[in-house]
Amino acid sequence: MTKEYPSDWDTRRNEVYNRDEYTCQNCGVRGGPVGDAELHAHHIVPKSKGGTHKKSNLKTLCKECHNAIHGNSMAPSDTNTQSDYSSSLSFPLSESNYPYAVSDEVNLGNHLVQSVETIELIADHLEELAKHAKLFATLDDEDETNQLQAAFSEAKESVNRELGSFEEHVMATRDITPSETSNNYGKLFDEASEFIDKVRSYRDLSIRVKDTRTIENIDIADLDVISSDVENTAEKYIDTVEDIVANLLKIIRDEISHIEEKSKPFANRPDYCPVCGESINNRNFTYFDGDVTIAVSRCDDCRTEWAASPSNMEVVSSPYDIEGLQVVPDALKAGYEEGYRLPANREQYNKLSNRYNSAKSKVVISTIVLSLVATGMAYVLGSLLLFIGAILLILLISQHMLTQWVPQQIRTDKM
């Protein structure tokens, strides 16, 4: 992979500085026309790992933070601004530490990043393979050594192994359906296929040179051309991966933010899944270096996941058609424990939720009306004790209806 900078590098990095408002994305210090700090354009995915010079792979850092990333100094602290918590999110991510709602995006991003990592290894092994092949062409049969044969075989096996790993990661992405589709996926698979073909051509030509023990000028030219083709196709693939990964990270951030808004870490959550009745695993997740904590009620049996607040639960991920549905956990739990059947589909959930909310509204309205009546009677009779007694009785009746009558409105047939 080439590490040379493009001819328009100065223009690119100035555009990155302008995009980032001449502010270090790590510590918040400002430079350029708005500050005194020396600014650098940092490659998010390192060039040594296949990172490109695209602006999407560049971010503004001050000289001190840039040096710290490369191990040359300590980074300054954030004294001016609070960095965006999402900037610390990058692949690979542990799927077990994320909600089901974003498991596809996490899995997909991990495969894509791992496929990019194998590209650098493939390039290194191809270079070794070609070097050994050319050496074979300069030796007579009697000069061949077992060591050279072993080195060539090892390089060939390494190319095949890493190429197989690359193909596995690419194939795995085909089996994952992201939450949001993009034209980039079709482009990605075409570029991956083209890269695989070029690697095989380079490998096969090296093997032919080694087996024939001769190398002509045309072979040297072909190796140079195919090597350039491998590099170019790899760069195109990596560019597409960067675009897709950036989109996946945005989807993950947005979904986690959505779940966080609807969930409280210490909410009163049910013990059983409203979908299948199995035990629920209540989990608290912390992301972005502790800046975000979300709570989910996770059913490991039917893989339905709920964001839970004290008053209701909302499905945030499910293999069934019940996404975005809100239910009342206390009422469902009470019915389930008494042997009533849980709703079987989204239509039943909606029907019972509406029935529950309607019954609850009737109790609230009745309580208000009776309280007004009690106030009027107490005023007419001039008795404060009568007023207090009536209010207490109304509250007791209302409490009984909320805990007994209202939940009964969403119970279905006995199991």
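Because the structure is a prediction, the values reported are computed rather than measured. (Residues numbered from 1 in each chain as written. Predicted model: local features only at pLDDT ≥ 70, side-chain atom pairs only at ≥ 80, totals over all residues. Heavy atoms only, no water.)

**Student:** In this structure, what is going on with the nonpolar core? I would like to understand it.
**Tutor:** Most often, soluble globular proteins have nonpolar side chains that are buried together. Phe91, Leu112, Phe166, Phe195, Val199, Tyr237 and Ile252 are the most contacted members of the largest nonpolar core, which has 56 residues in total. Secondary-structure elements contributing two or more residues to this core are α3 (103-137), α4 (146-174), α5 (184-212), α6 (217-261) and β4 (292-298). At 14 residues, α6 tops the list of elements feeding residues into this core. One finds Tyr17, Cys27, Leu39 and Leu61 within the second-largest nonpolar core, a separate group that totals 12 residues. (Core = buried A, V, L, I, M, F, W, Y, C linked by side-chain atoms within 4.5 Å. Buried < 20%, exposed > 50% of the residue type's maximum accessible area, 1.4 Å probe, protein only. Helix = DSSP H or I, 4+ residues; strand = E, 2+ residues; numbered from the N terminus.)

**Student:** Can you help me understand the side chain of His132 in this one?
**Tutor:** Relative to the helices and strands, His132 is located in helix α3. Discounting residues that sit within four places of it in the chain, His132 has contacts with Leu148, Ala151, Phe152 and Ala155. (Contact = heavy atoms within 4.5 Å.)

**Student:** Explain the environment of Met171 here, please?
**Tutor:** Its location among the elements puts Met171 in helix α4. Exposure remark for Met171: the relative accessible area of 48% places this residue in the partly exposed category. Residues Met171 and Phe189, 18 residues apart in the sequence, show an inter-C-alpha distance of 8.9 Å.

**Student:** Before we go on, may I ask you to explain the pattern of salt bridges in this structure?
**Tutor:** Between side chains of opposite charge, a pair can form when the charged atoms approach closely. Applying the stated criterion to the full structure yields 13 salt bridges. As a salt-bridge pair, Arg161 and Glu162 come within 3.6 Å of each other at their nearest N and O atoms. We note a salt bridge from Asp254 to Lys250, for which the minimum N-O separation is 2.8 Å. Taken as a pair, Asp254 and Lys250 lie in helix α6 at a separation of 4 residues, close to a single helical turn. (Salt bridge = Lys/Arg side-chain N within 4 Å of Asp/Glu carboxyl O.)

**Student:** What am I meant to see in a nonpolar patch on the surface here?
**Tutor:** A cluster of nonpolar side chains, Ile365, Val369, Val373, Met377, Tyr379, Val380, Leu381 and Leu386, forms an exposed patch at the surface whose accessible area comes to about 850 Å². Its location among the elements puts Val373 in helix α8 (residues 346-381). (Patch = residues over 30% accessible without salt bridge, like charges linked within 9 Å, V, L, I, M, F, W, Y side chains within 5 Å. Areas by Shrake-Rupley, 256 points an atom, 1.4 Å probe, with all protein chains shown as cover.)

**Student:** Just checking my understanding: could you explain the packing of aromatic side chains for this structure?
**Tutor:** The description of an aromatic ring pair rests on the distance of the ring centres and on the angle between the ring planes. Taken as a whole, this structure holds 3 aromatic pairs when the rule is applied. Measuring from centroid to centroid gives 5.9 Å for Phe136 and Phe152, while their planes differ by 90 degrees, and the two rings are edge-to-face. Taken together, the residues span a long stretch of sequence, with Phe136 in helix α3 and Phe152 in helix α4 at a distance of 16 residues. The exposure class assigned to Phe136 is buried, which follows from its relative accessible area of 0%. Relative accessible area serves as the criterion here: at 3%, Phe152 is assigned to the buried category. A centroid spacing of 5.1 Å and a plane angle of 65 degrees characterise the contact between Phe166 and Phe195, whose relative ring orientation is edge-to-face. Taken together, the residues span a long stretch of sequence, with Phe166 in helix α4 and Phe195 in helix α5 at a distance of 29 residues. Looking at Phe166, the relative accessible area reads 0%, which means it is buried. By way of ring pairs, the aromatic residues Phe166, Phe195 and Tyr237 are connected into one cluster. Above the plane of the ring of Phe189 lies Arg174, whose end atom (NZ or CZ) is 4.1 Å from the centre. (Phe/Tyr/Trp six-rings, centres within 6.5 Å; stacked < 30°, edge-to-face > 60°. Lys NZ or Arg CZ within 6 Å of the ring centre and 35° of its normal.)

**Student:** Looking at this structure, how should I read the pairing of strand β5 (residues 305-308)?
**Tutor:** Consecutive side chains along a regular strand alternate between the two faces of the sheet. Burial along β5 is two-sided: Glu305 and Ala307 and Trp306 and Ala308, pointing in opposite directions, are all buried. In this sheet, strand β6 (residues 313-317) lies alongside β5 in antiparallel orientation, the contact comprising 4 bridges. Following the sheet pairing, Ala308 is matched in β6 by Met313. (Pairing = 2+ DSSP bridges.)

**Student:** Would you mind going over the environment of Ile388 with me for this structure?
**Tutor:** Following the sequence through the fold, Ile388 ends up in helix α9 (residues 384-408). Judged by relative accessible area, Ile388 falls into the partly exposed class, the value being 39%. Residues Ile388 and Ala374, spaced 14 residues apart in sequence, show a C-alpha to C-alpha distance of 8.9 Å.

**Student:** Is there a simple way to explain the packing of α4 against α5 in this structure?
**Tutor:** The relative placement of two packed helices comes down to the angle between their axes together with the axis-to-axis distance. At a closest axis distance of 11 Å, the pairing of α4 and α5 adopts a crossing angle of 165 degrees. The orientation of α4 with respect to α5, classified from their angle, is roughly antiparallel. Between α4 and α5 lies a crossing whose hand is left-handed. Contact with α4, carried on its side by Gln149, Phe152, Lys156, Val159, Asn160, Leu163, Phe166, Glu167, Val170, Thr173 and Arg174, involves Phe189, Ala192, Phe195, Ile196, Val199, Arg200, Arg203, Ser206, Ile207 and Lys210 of α5 and no other residues of that element. In the contact of α4 with α5, the residues fall into 11 nonpolar, 4 polar and 6 charged. (Axes fitted to C-alpha atoms, helices over the stretch in contact; angles between N-to-C directions. Parallel < 35°, antiparallel > 145°, perpendicular 65-115°, else oblique. Left-handed = near helix turned anticlockwise from the far one by under 90°. Nonpolar A, V, L, I, M, F, W, Y, C, P; charged D, E, K, R; others polar.)

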